[in-house]
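Report on the structure
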Amino acid sequence: MADNLSDTLKKLKITAVDRTDDSLEGCLDCLLQALTQNNMETSEKIQGSGILQVFASLLIPQSSCTAKVANVIAEIAKNEFMRIPCVDAGLISPLVQLLNSKDQEVLLQTGRALGNICYDSHSLQAQLINMGVIPTLVKLLGIHCQNAALTEMCLVAFGNLAELESSKEQFASTNIAEELVKLFKKQIEHDKREMVFEVLAPLAENDAIKLQLVESGLVECLLEIVQQKVDSDKEEDIAELKTASDLMVLLLLGDESMQKLFEGGKGNVFQRVLSWIPSNNHQLQLAGALAIANFARNDGNCIHMVDNGIVEKLMDLLDRHVEDGNVTVQHAALSALRNLAIPVVNKAKMLSAGVTEAVLKFLKSEMPPVQFKLLGTLRMLIDAQAEAAEQLGKNVKLVERLVEWCEAKDHAGVMGESNRLLSALIRHSKSKDVIKTIVQSGGIKHLVTMATSEHVIMQNEALVALALIAALELGTAEKDLESAQLVQILHRLLADERSAPEIKYNSMVLICALMGSESLHKEVQDLAFLDVVSKLRSHENKSVAQQASLTEQRLAVES
């Protein structure tokens, strides 16, 4: 075989120059046969023979052998070691040109060859994108949708190219959405639909394409699949239900596509998604709750949904998942409630519906994602709601859990949200009882640490809460403030040029409030605050400069 192959390669070189199609075809058939029998060994021989450069000149539209040449390239490029030699031999450019061919066999083998050469190489795939293959392939899909092999080749190519961010803009400028939805509607077999799904998912990450998919009717197809598969216990049906409902949620992440599907809360899609929440299928409950969280991304939608009873549906769903519940469903339902609680007019309605009680049932959860959303929901609910903040702030179990989570160093999100909720309980309730509960539970040191956060908004929230503590319950908190080294931290914040104006302002307000404590007053005097504060009188921010004058007077009087 080795001798035969060497002869074939020699012959091929000669016939390639003469361009005698019959002899050329015979040589190519021999090569393809050899590749079928031992691909790797044959590929090595081809590489050693220098014939690859010859292939570039054979990839011409008018030759009857072009499909076979492309087929040989597709076969050798299955081997990783052959891919760079194919690129070096200049095969990519003529192959890309052949994508304009009318011959279906040429198109199929050309697509295979390009796919194999560029397999797993982002740089080569990016090169193809720059050469404009995306619009060409989309056009091919439309023209040759009856050819199953060509359709599959296009889908595989789309799946690979769609992983690159640079492809999304090009895809968005074609009618890919329309073609894929048309193709999707025709597929009956699970495997074929799965192939289309694999292209749709990465493309649907792009907002422009999300909208195009919605406008092309993909959502109706997805809802139909959900309806067909919801009661099936076949593994492939369960998988397809998950894929369809996940994709549905992904489409709702785009602002325009989401709003189009919401249709003022009257839309068929919105109504169907609502019906998923009370279903007995965990995947649909999850997708339903995530969809509601996505619809709840603007005040208008949130207000409409709360007025139309969505909160009760979500609370019922949470109730079904309290004991040994599904963590992803808990997380999704809490996400939806958190978003719904953002508009001011919804807070009181949700509080009177009993949302805090429903949420507090998950206080014992050991799952950080659930803890994070629980904290966020409570923080949204009590914003400017004094009574609710006081009620929660006096809940010893809650406050103790918050203090525990303030130390969750492995989960920065949970730690940050716990600190913010502690601060919010004080800021919104302005209640002595709440402050006493937080002092008794050991929360003061966390608020002091929060004042050194890298996030200005958290620093500010901490300083305002600490100023309220100093104004309302200084005696109770005095020892904790001292041991947390609050005075030293305030000195640092005021001396640091990088501190934001509002941080300097609130630090000085707090300094004045601390003067009522003998031990803290002494610390202030020992640290020569006057020097730092007097420099701030010429601060460019008027409020800071004004507060510096007031603080300086207070320090001078008290010294």
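As the structure is a prediction and not an experimental result, all values here were calculated from the model.

Turning next to the overall build of the protein. A tally of helices and strands in the protein yields 37 helices and 0 strands. Here the protein has a C-alpha radius of gyration of 34 Å; the compact-globule value for 559 residues is 24 Å, and the former is much larger. Reported as C-alpha extents along the three principal axes, the dimensions of the protein are approximately 105 × 55 × 40 Å. Counting only residues that meet the buried cut, the protein has 55% of its 559 residues in that class. Counting contacts in the protein only where the partners sit at least 6 residues apart, residues at least 24 apart contribute 71% of the total. Accessible surface, the protein: about 25,100 Å² in total, of which carbon and sulfur atoms supply 50%. Once the 53 positive and 74 negative side-chain charges of the protein are each reduced to a mean point, those two points are 3 Å apart.

When the UniProt feature table is mapped to this numbering, "repeat: ARM" (unreviewed entry) covers residues 90-132 and 309-341. Taken end to end, residues 90-132 has its terminal C-alpha atoms 17 Å apart, with 70% of it in helix and 0% in strand. End C-alpha to end C-alpha, residues 309-341 measures 14 Å, and it is 73% helix and 0% strand.

Our next topic: the packing of helix α10 (residues 133-143) against helix α13 (residues 176-186). The interhelical angle for the contact between α10 and α13, taken along N-to-C directions, is 35 degrees, at an axis separation of 10 Å. Where α10 crosses over α13, the handedness of that crossing is left-handed. Contact with α10, carried on its side by Val138, Leu141 and Gly142, involves Ile176, Glu179, Leu180 and Leu183 of α13 and no other residues of that element. A class-by-class count of the residues in the contact of α10 with α13 yields 5 nonpolar, 1 polar and 1 charged.

Quick look at the environment of histidine 521 now. Assignment of secondary structure puts histidine 521 in helix α35 (residues 518-526). Between the C-alpha atoms of histidine 521 and glutamate 558, which are 37 residues apart in sequence, the distance is 8.6 Å. Residues within four places of histidine 521 in sequence aside, it is in contact with Leu514, Met515 and Glu558.

Using the criterion set out here, one finds 27 salt bridges in the structure. Between glutamate 75 and lysine 78 there is a salt bridge; the shortest N-O distance is 2.9 Å. Glutamate 390 is the partner of lysine 394 in a salt bridge, and the nearest nitrogen-oxygen pair spans 3.6 Å. You can call glutamate 390 partly exposed: its relative accessible area is 26%. Connected through salt bridges with shared partners, the residues Glu25, Asp29 and Lys68 form a single ionic network.

Burial analysis of helix α33 (residues 486-495) places 7 of its 10 residues in the buried class, which makes it a mostly covered element. Taken as a whole, α33 has its buried residues at Leu486, Val487, Ile489, Leu490, His491, Leu493 and Leu494. Buried residues belonging to α33 abut α31 (444-450), α32 (456-483), α34 (501-514), α35 and α36 (529-535).

Our focus in this paragraph is the side chain of threonine 42. When you line up the elements, threonine 42 lands in helix α3 (residues 39-49). Of note is the side chain of threonine 42, whose polar atom sits 3.1 Å from the backbone oxygen of alanine 34.

What follows concerns the packing of aromatic side chains. In this structure the tally under the stated criterion is 5 aromatic pairs. Measuring from ring centre to ring centre gives 5.5 Å for phenylalanine 262 and phenylalanine 295, while their planes differ by 45 degrees; the resulting arrangement is tilted. Highlighted residues: phenylalanine 262 in helix α18 (residues 255-262) and phenylalanine 295 in helix α20 (residues 282-295), separated in sequence by 33 residues. When sorted by exposure, phenylalanine 262 lands in the same class as phenylalanine 295, which is buried. Look at phenylalanine 270 and phenylalanine 295: their rings are 5.2 Å apart centre to centre, the planes differ by 90 degrees, and that puts the pair in the edge-to-face class. In this pair, phenylalanine 270 is assigned in helix α19 (residues 268-276) and phenylalanine 295 in helix α20, connecting sequence segments 25 residues apart. Per residue, the accessibility class of phenylalanine 270 equals that of phenylalanine 295, and both read buried. Through a chain of ring-to-ring contacts, the aromatic side chains of Phe262, Phe270 and Phe295 assemble into a single cluster.

Tracing the sequence through the fold places arginine 427 in helix α29 (residues 412-429). Polar side-chain contacts of arginine 427 include one of 2.8 Å to the side chain of serine 423. Leave out the neighbours within four places in its chain, and arginine 427 touches Arg420, Glu461, Val464, Ala465 and Leu468.

Residues Val133, Ile134, Thr136, Leu137, Val138, Leu140 and Leu141 constitute the buried set of α10. Of the surrounding secondary structure, the elements contacted by the buried residues of α10 are α7 (92-98), α8 (104-117), α9 (122-130), α11 (148-161), α12 (165-172) and α13.

As a further point, take the state of the cysteines. By the definition in use, this model includes 0 disulfides. The thiol of cysteine 27 is unpaired, and the distance to the nearest cysteine sulfur, on cysteine 30, comes to 6.5 Å. With no disulfide of its own, cysteine 86 has cysteine 118 as its nearest cysteine by sulfur position, at a separation of 9.9 Å.

Once that is clear, we can look at the packing of helix α16 (residues 218-229) against helix α17 (residues 235-251). At a closest axis distance of 9 Å, the pairing of α16 and α17 adopts a crossing angle of 145 degrees. The interaxial crossing formed by α16 with α17 has left-handed handedness. In this structure, α16 uses Leu218, Val219, Leu222, Leu223, Ile225, Val226 and Lys229 to contact α17, whose residues at the interface are Asp237, Glu240, Leu241, Ala244, Leu247, Met248 and Leu251. Split into classes, the residues belonging to the contact of α16 with α17 amount to 11 nonpolar, no polar and 3 charged.

Within the secondary structure, leucine 422 is located in helix α29. Taking C-alpha positions, leucine 422 is 7.1 Å from leucine 402, a pair spaced 20 residues apart along the chain. When residues no more than four places from it in sequence are discounted, the contact partners of leucine 422 are Val399, Leu402, Val403, Cys406, Ile438, Gly443 and Leu447.

On to unusual backbone geometry, then. You will see that glutamate 263, though not glycine, has its phi angle at about 45 degrees, which is positive. Position of glutamate 263 relative to the elements: it lies in the loop between α18 and α19.

Let's shift gears to the environment of arginine 427. Accessibility expressed as a relative area gives 17% for arginine 427, which makes it buried. When the C-alpha atoms of arginine 427 and lysine 479 are compared, they prove to be 21 Å apart, with 52 residues separating the residues in sequence.

Calculation notes
Residues numbered from 1 in each chain as written. Predicted model: local features only at pLDDT ≥ 70, side-chain atom pairs only at ≥ 80, totals over all residues. Heavy atoms only, no water. Helix = DSSP H or I, 4+ residues; strand = E, 2+ residues; numbered from the N terminus. Rg over C-alpha atoms; globule rule 2.2 N^0.38 Å. Buried < 20%, exposed > 50% of the residue type's maximum accessible area, 1.4 Å probe, protein only. Contact = heavy atoms within 4.5 Å. Areas by Shrake-Rupley, 256 points an atom, 1.4 Å probe, with all protein chains shown as cover. Lys, Arg positive; Asp, Glu negative; His and termini not counted. Charge placed at Lys NZ, Arg CZ, Asp CG, Glu CD. UniProt positions renumbered as here; feature names shortened; annotations may be inferred. Axes fitted to C-alpha atoms, helices over the stretch in contact; angles between N-to-C directions. Left-handed = near helix turned anticlockwise from the far one by under 90°. Nonpolar A, V, L, I, M, F, W, Y, C, P; charged D, E, K, R; others polar. Salt bridge = Lys/Arg side-chain N within 4 Å of Asp/Glu carboxyl O. Polar contact = N/O pair within 3.5 Å; in protein donor to acceptor, adjacent residues only side chain to side chain. Phe/Tyr/Trp six-rings, centres within 6.5 Å; stacked < 30°, edge-to-face > 60°. Disulfide = S-S within 2.5 Å.

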